[in-house]
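Listed below, chain by chain, are the residues.
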Amino acid sequence: MDILKVLSRGTKRTTKGVGHAASAPAKLPSSTGVAATNPQLYHDEVRGQKRKRPKTERQAPDGPAAEELPQVDFFAPKAEPDASKSKSHDSKSKGGERATNTALKPAKRISEEECRQILRSHRLKVTLMSKQEDEPKKVKKSKKKKAAAEEPKKDEKKKTQLFPQPLETFGQLRSTYGISRRVSENLVAQSYRVPTEVQLASLPLLLQPKQALGDCDADGLENGVDFLAVAPTGSGKTISFLIPAINQIMRRRGMNPDDLEATTTRHELEAVILVPTRELAHQIVNEGLKLLQGTGIKIMAMKKQMNLDTEEQEVAEDSASDEEDQDESEDEDGDDKPETPKRQNKATAAKPDILVTTPQLLLNFLTSGSATTQRVLPDVRDLVLDEADVLLDVLFREQTMGVWSACTNANLRVSFWSATMGSNIEAVITNKLQSRADGLSIHPKPFFRLVVGLKDTAVPNIVHKLTYTASEQGKLLALRQLLHPTTADDSGPPLRPPFIVFTQTIDRATALHEELKYDIPLEAGGSTRIAALHSGLPESARAAIMRKFRAGEIWVLITTDVLARGVDFAGVNGVVNYDVPGSSAAYVHRAGRTGRAGREGGIAVTFYTKEDIPFVKTVANVIAASERQAGKTGQDASVQKWLLDALPRVNKAERKKLRERGVESRRTGTTKARITSTSGYERRKENNRRGAIEGSKRRKTQQDGDSGDEDGEWGGIDD
């Protein structure tokens, strides 16, 4: 026996039997060393070659960005100060901040071919959508005529693709596009170094579209553009719409970007950001506060009973009775007075410059006035729809359209942002933009669409896993196995807390929380490490759970789709779909809660039972497309071709039902769909025991009632 091997056996860790446990902690998103300095998802060096950026390149920032935020070596020897340099530095410091306010550099334009190379290497596609409105409708023709008619349409669509000037560094926002010095400093303070793909293409178009597009033949660029962005989750869409909104407010007020002392104390609502959930609204407000430090511009989240400075307009009535009432009122007044909008709530109204709200909350305020008048927002010139595909879906469409119609300014600029966007939603957007322009008798703004990567695919830097559990009890066993991984598990990289578990309904989230809250030992925090968050909780409780999860006090967060969209958790190591998502878009957004801002090591696990097999193909197709985009093929892919071929297809009606209701048995709470680890025999025994107790109580109550009736009747003196 080799004594050295015996002594060293406990100090050396081998990969045999340990799976990926040894290498996984170094690549977890929650690890501070894994936070990518370059958050870009795609960077193909060679034209036409689809390959991921090398790891060494991802860890090192580009040259221009590194110049903005130099890496300082605090342990290097200090160089002796140069007298000439110190004098020049003193002269600059005496001049204060005015010395740094140099004139804007002239825009350094690059050629169209260079723009084409940069945009294609980052897999960006910019399209002018407004040109497609004039296309004639399809008519039934023979195959030859139809093919001949489609050829010029294809060519026309190719002509609509544009290659605007890209944003290479955040420093160009100040030097080239003239944003406020304070906003630029706030960006540097928040460590924004390299723009992501969506920022690279959207910010030039939204800040100065004429300069970004150059010789584009679109009309009306000087008045801004309407914009639609489809970009992966965690790619920086919030910054992309906040910076243009802030810049436009400062320009419209005549504020000199170099003179912050000219900031006026006058506040009026000029930008509205619509989001589907309150958690996302508070997150956007927090990001906006970081950018607005020292600018004097206020950003607020809408609350109940909040008053806003609005105008009231008379509601147009077409009935004859209303016309008669109007004539009578005119006769009483003696003359026909012109309808002038009245300013309401001016004294007690809140004074935000940017309002972040859910559509229903704002619409409730706008419709809470008199039945004969309607409140409008004439000062709003920027309307942002974050997670636009949900806001314009059937669930929120009526409320969103109501708010959109209340923004009556003719120069309103509308932008739409999401990671998924169906063609039906794009049709709704283009129709609304055109109908609004016709109603106001104005020329519609040019409408641009930006697509990053492939539409409706998950981020390429996370690992996807499909796990078959056979039954609901198998799901619970598989989740407990993720909480307590064994060394013999070789099924892939382990899932380490913190992670998020998604369920179909509120009842299932509550039941799963009750089942798991004692699975973590008391030494590690016990039940305080697991929490459930859903829309049934009060807002204060939801905010407290979010705060604890961000701080790392909660390790396992069980929730519904209320947290599936937009909410940014930088350190989430993984996502567990305890219940199969209802659509491909739902899977994309759920999986996007990990792998934010280019971080690697995130895992998305999806459990499915025998009942879910007909609906798994939707999720499997998204995973396959995402892995192809990431360059994972063959054995490296988690979804093999044989699995896609074996899974059954689902018709359109079933997909719609799944998207709206989910799996029906889990919504109705049948016995087989309950979340519990108690066996069927024990549950029947417990039900029988409870039934016996209830029957005993009923019999005792009945006996007491009968005896009370006999004793309560008086039979006369003889008694």
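All figures in this text were calculated on a predicted structure; none of them were measured in a lab.

Trainee: Would you explain the overall build of the chain in this entry?
Mentor: Counting its regular elements, the chain contains 26 helices and 18 strands. Restricting the contact set of the chain to residue pairs at least 6 apart, pairs at least 24 apart contribute 83%. Carbon and sulfur atoms make up 51% of the accessible area of the chain, which amounts to about 38,500 Å² in all.

Trainee: How should I be thinking about a positive patch on the surface in this particular structure?
Mentor: A cluster of basic side chains, namely Lys652, Arg655, Lys656 and Arg659, defines a positive patch on the protein surface. Note that Lys656 resides in helix α24 (residues 652-661). On the basis of relative accessible area, Lys656 is assigned to the partly exposed category, the value being 45%.

Trainee: Can you walk me through the environment of Leu533 in this structure?
Mentor: In this structure, Leu533 sits in strand β15 (residues 530-533). Residue classification places Leu533 among the buried positions, given a relative accessible area of 0%. Beyond its immediate stretch of four places on either side in the chain, Leu533 contacts Glu279, Arg542, Ile545, Met546, Leu557, Ile558, Thr559, Thr560, Val562 and Leu563.

Trainee: How do you make sense of the sheet that holds β15 when you look at a structure like this?
Mentor: Where strands meet in a sheet, backbone hydrogen bonds hold them as pairs that are either parallel or antiparallel. In spatial order, the strands read β13-β18-β17-β14-β16-β15; together these six strands make up an open sheet with parallel pairing. Edge positions in the sheet fall to β13 (462-470) and β15, since each of these pairs with one other strand and no more. Strand after strand, the sheet turns through a mean of 20 degrees between neighbouring axes, direction not considered. The pairing of β13 with strand β18 (residues 602-609) spans eight bridges and is parallel. Within β18, the residue paired with Ile462 across the bridge is Gly602. Those strands touched by helix α22 (residues 616-629) are β13 and β18, and its axis lies near 155 degrees from that of β13.

Trainee: How should the packing of aromatic side chains be read in this particular structure?
Mentor: Aromatic rings considered in pairs are described by the distance between their centres and by the relative angle of their planes. By the definition in use, this model includes eight aromatic pairs. A ring pair is formed by Trp404 and Phe416, whose centres lie 5.7 Å apart and whose planes are at 55 degrees; its orientation type is tilted. Of this pair, Trp404 sits in helix α16 (residues 397-406) while Phe416 sits in strand β11 (residues 413-418), and the two are 12 residues apart along the sequence. The class for Phe416 is buried, based on a relative accessible area of 0%. Measuring from centroid to centroid gives 5.4 Å for Tyr468 and Tyr608, while their planes differ by 50 degrees, and the two rings are tilted. In this pair, Tyr468 is assigned in strand β13 and Tyr608 in strand β18, connecting sequence segments 140 residues apart. Classification of Tyr608 as buried rests on a relative accessible area of 11%. Here the aromatic cluster, defined as three or more aromatic residues joined through ring pairs, consists of Phe227, Phe241 and Trp417. Directly above the ring of Phe365 sits Arg375, whose terminal nitrogen or CZ lies 4.5 Å from the centroid.

Trainee: Would you take a moment to explain the environment of Ile297 for this structure?
Mentor: With respect to the helices and strands, Ile297 occurs in the loop between α12 (278-291) and β5 (299-301). Of the residues examined, Ile297 reaches a relative accessible area of 7% and is grouped as buried. Along the backbone, Ile297 and Asp353 are 56 residues apart, and their C-alpha atoms lie at a distance of 6.1 Å. Each residue touching Ile297, except ones within four places of it in the same chain, is listed here: Ile246, Ile249, Met250, Leu292, Asp353 and Ile354.

Trainee: Explain the sheet that holds strand β3 (residues 226-230) here, please?
Mentor: The nine strands lie next to each other as β2-β1-β12-β3-β11-β10-β4-β8-β5, forming an open sheet whose pairing is mixed. The sheet is open, and its two borders are formed by β2 (161-162) and β5, each paired with just one other strand. Bridge count between β3 and β11: four bridges; the pairing is parallel. Bridging from a neighbouring strand, Val230 pairs with Ser418 of β11. Running over the sheet, helix α11 (residues 237-252) touches β4 (271-274), β5, β8 (354-357), β10 (382-386) and β11 and is turned about 165 degrees from β11. Taken strand by strand, α12 contacts β4, β5, β8 and β10, and its axis lies near 165 degrees from that of β5.

Trainee: In this structure, what is going on with helix α5 (residues 112-121)? I would like to understand it.
Mentor: Among the residues of α5, Cys115, Leu119 and Ser121 are the ones counted as buried. What you see down the axis of α5 is that its buried residues fit within an arc of 165 degrees, all on one side. Elements in contact with the buried residues of α5: β1 (124-128), β2 and α9 (197-207). Phi turns positive one or two residues past the end of α5, at Arg123, with a value near 60 degrees.

Trainee: What is the right way to read the environment of Val188 from this model?
Mentor: Looking at the element boundaries, Val188 is found in helix α8 (residues 181-189). Given a relative accessible area of 31%, Val188 falls into the partly exposed group. Sequence spacing of Val188 and Leu291 is 103 residues, and the spatial spacing of their C-alpha atoms is 9.9 Å.

Trainee: Can you walk me through the packing of α11 against α12 in this structure?
Mentor: Between two packed helices, the angle of one axis relative to the other and the distance separating the axes together describe the packing. The contact between α11 and α12 brings their axes to 11 Å, and the two run at 50 degrees. Regarding the angle of α11 to α12, the classification is oblique. You can see that α11 and α12 cross each other, and the crossing is right-handed. Across the interface between the two elements, Thr238, Ile239, Phe241, Leu242, Ile243 and Ile246 from α11 touch Ile284, Glu287, Gly288 and Leu291 from α12. Residue composition of the contact of α11 with α12, grouped by class: seven nonpolar, two polar and one charged.

Trainee: I'm lost on helix α20 (residues 539-551) in this one. Help?
Mentor: Residue pairs three or four apart in sequence face the same way in an α-helix, which turns once every 3.6 residues. For α20, with 13 residues, the first-to-last C-alpha span of 18 Å sits near the 18 Å given by 1.5 Å per residue. Residues of α20 that are buried: Arg542, Ala544, Ile545, Met546 and Phe549. Those residues of α20 hidden inside the fold are in contact with α12, β14 (499-502), β15 and β16 (556-559). The first or second residue beyond α20 is Gly552, which carries a positive phi of 85 degrees.

Trainee: For this particular structure, what's the right way to read the nonpolar core?
Mentor: Among the nonpolar cores identified, the biggest contains 78 residues, and Leu173, Ile273 and Phe448 are the most heavily contacted of them. The greatest single-element share of this core, amounting to eight residues, is contributed by α11. With sequence-adjacent residues up to four places away left out, Leu173 is seen in contact with Leu167, Gly178, Ile179, Leu187, Leu203, Leu207 and Ile243. With 39 residues, the next largest nonpolar core counts Leu274, Leu385, Cys407 and Phe447 among its residues.

Trainee: So what exactly am I meant to see when it comes to the confidence of the model for the chain here?
Mentor: Atomic detail in the predicted coordinates should be set aside for any region of low pLDDT. With 72% of its residues at a pLDDT of 70 or more, the chain has an overall mean of 79. Across residues 1-25, confidence stays below pLDDT 50; counting only partners more than four residues off in sequence or on other chains, it has 18 contacts. In the predicted structure, residues 318-341 sits below a pLDDT of 50 and forms nine contacts with residues beyond four places in sequence or in another chain.

Trainee: Whenever I open this one, the pattern of salt bridges confuses me. Can you help?
Mentor: When the charged atoms of two side chains lie near each other, side chains of opposite charge can form a pair. All chains considered together, the criterion is met by 29 salt bridges. Between Arg661 and Glu664 there is a salt bridge; the shortest N-O distance is 3.0 Å. Overall, Glu664 belongs to the partly exposed group, its relative accessible area being 29%. What you see here is one network of salt bridges that share partners, running through Glu472, Lys475, Arg508, Asp579, Asp612 and Arg666.

The rules we used
Residues numbered from 1 in each chain as written. Predicted model: local features only at pLDDT ≥ 70, side-chain atom pairs only at ≥ 80, totals over all residues. Heavy atoms only, no water. Helix = DSSP H or I, 4+ residues; strand = E, 2+ residues; numbered from the N terminus. Contact = heavy atoms within 4.5 Å. Areas by Shrake-Rupley, 256 points an atom, 1.4 Å probe, with all protein chains shown as cover. Patch = residues over 30% accessible without salt bridge, like charges linked within 9 Å, V, L, I, M, F, W, Y side chains within 5 Å. Salt bridge = Lys/Arg side-chain N within 4 Å of Asp/Glu carboxyl O. Lys, Arg positive; Asp, Glu negative; His and termini not counted. Charge placed at Lys NZ, Arg CZ, Asp CG, Glu CD. Buried < 20%, exposed > 50% of the residue type's maximum accessible area, 1.4 Å probe, protein only. Pairing = 2+ DSSP bridges. Axes fitted to C-alpha atoms, helices over the stretch in contact; angles between N-to-C directions. Phe/Tyr/Trp six-rings, centres within 6.5 Å; stacked < 30°, edge-to-face > 60°. Lys NZ or Arg CZ within 6 Å of the ring centre and 35° of its normal. Arc of directions from axis to C-beta. Parallel < 35°, antiparallel > 145°, perpendicular 65-115°, else oblique. Left-handed = near helix turned anticlockwise from the far one by under 90°. Nonpolar A, V, L, I, M, F, W, Y, C, P; charged D, E, K, R; others polar. Expected span 1.5 Å × (residues − 1). Core = buried A, V, L, I, M, F, W, Y, C linked by side-chain atoms within 4.5 Å. pLDDT = per-residue confidence, 0-100.

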